[in-house]
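# A closer look at the structure
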Amino acid sequence: MIKMKSAILGGQLPKFIDPPQMDGDSKAPVIQTALDAVRQMRSGGDGCRFSTLHFLTICNSAVTILDKIGPTMRVLTQDLRQNIERLQTMYKTNPSSFSSLTEIVKEEIEEGSARKPLSCTRAVLWLTRSMDFVMIFLSKFVADADRDLVQIIEESYSATLQPWHGWISSAAYKVALKLIPERKVLMNLIMEEREDHGAIKEEINSLVSSFTPILNEIHAFLVTLRLDRLKSS
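Residues numbered from 1 in each chain as written. Predicted model: local features only at pLDDT ≥ 70, side-chain atom pairs only at ≥ 80, totals over all residues. Heavy atoms only, no water.

What follows concerns the overall build of the protein. Helix and strand content of the protein: 10 helices and zero strands. Listing the helices and strands of the protein from first to last along the sequence gives α-α-α-α-α-α-α-α-α-α. For the protein, with 233 residues in total, the buried portion stands at 51%. Taking the contacts inside the protein whose residues are at least 6 apart along the sequence as the reference set, 73% of them involve residues at least 24 apart. By element, 51% of the accessible surface of the protein is carried by carbon and sulfur atoms, the whole surface being about 11,200 Å². (Helix = DSSP H or I, 4+ residues; strand = E, 2+ residues; numbered from the N terminus. Buried < 20%, exposed > 50% of the residue type's maximum accessible area, 1.4 Å probe, protein only. Contact = heavy atoms within 4.5 Å. Areas by Shrake-Rupley, 256 points an atom, 1.4 Å probe, with all protein chains shown as cover.)

Here is the structure:
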């Protein structure tokens, strides 16, 4: 059994924690919850576009989606939960000052802590990379009903997270791929007892097309600060 090193926490083993609870209707369909948060980000100005609270809502939705895949994604979801918790903790210390992801990053730059292993800046970076993975995975998942689920996850991982992961993390993902459920099972889980497959696919496509440009803007912001190339140790 591979002893997994946390890719995001600078080499520390992951502490298994419950996902942080955000405000909102926890019973709402997970895709719709994420889509509503993206729409709110897109409807406002720069501050709302990089809203910490909305971003965390989307990340929590992503964790729920990945949990449906099963133990395969536990490597990723534990890192996601830790980074969500870190950002949420900082946000709650001063919601008005840290309402935007950009303000959190700027605060840590001024403190000189942005590049530290447990910084919120690293959390923003890794969450953004993880959301890249989720968006590509969802896009490929609904684009072709005949595609093999293992192949979709492998391609999504290679295009987003693998370049920044160490060999231990990459090896753990390859082992976990053996536990992926059948495609039909995953679709039923994502449907959450809804009957209209066409509607859920439209929501997923809308989520991907709406959120991907925001993710690109977050990456661009980190590039301007030369914080986009940080890797796991």
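Let us look at the pattern of salt bridges. Scanning all chains against the criterion turns up five salt bridges. The closest approach of N and O atoms between Arg 147 and Glu 155, which form a salt bridge, is 2.8 Å. Accessibility expressed as a relative area gives 22% for Arg 147, which makes it partly exposed. The network of salt bridges with common partners includes Lys 140, Arg 147 and Glu 155. (Salt bridge = Lys/Arg side-chain N within 4 Å of Asp/Glu carboxyl O.)

Listed as buried for helix α9 (residues 183–191) are Arg 183, Leu 186, Met 187, Ile 190 and Met 191. Summarising the axial view, the buried residues of α9 lie within an arc of 140 degrees, below the 170-degree limit, and thus occupy one face. The inward-facing, buried residues of α9 contact α1 (30–43), α3 (52–69), α6 (120–143), α7 (149–160) and α10 (197–224). (Arc of directions from axis to C-beta.)

Okay, the side chain of Thr 77 next. With respect to the element layout, Thr 77 can be found in helix α4 (residues 74–93). Here Thr 77 falls in the buried class, since its relative accessible area comes to 1%. Within the structure, the side chain of Thr 77 is placed 3.3 Å from the backbone oxygen of Arg 74, a separation counted as a polar contact. (Polar contact = N/O pair within 3.5 Å; in protein donor to acceptor, adjacent residues only side chain to side chain.)

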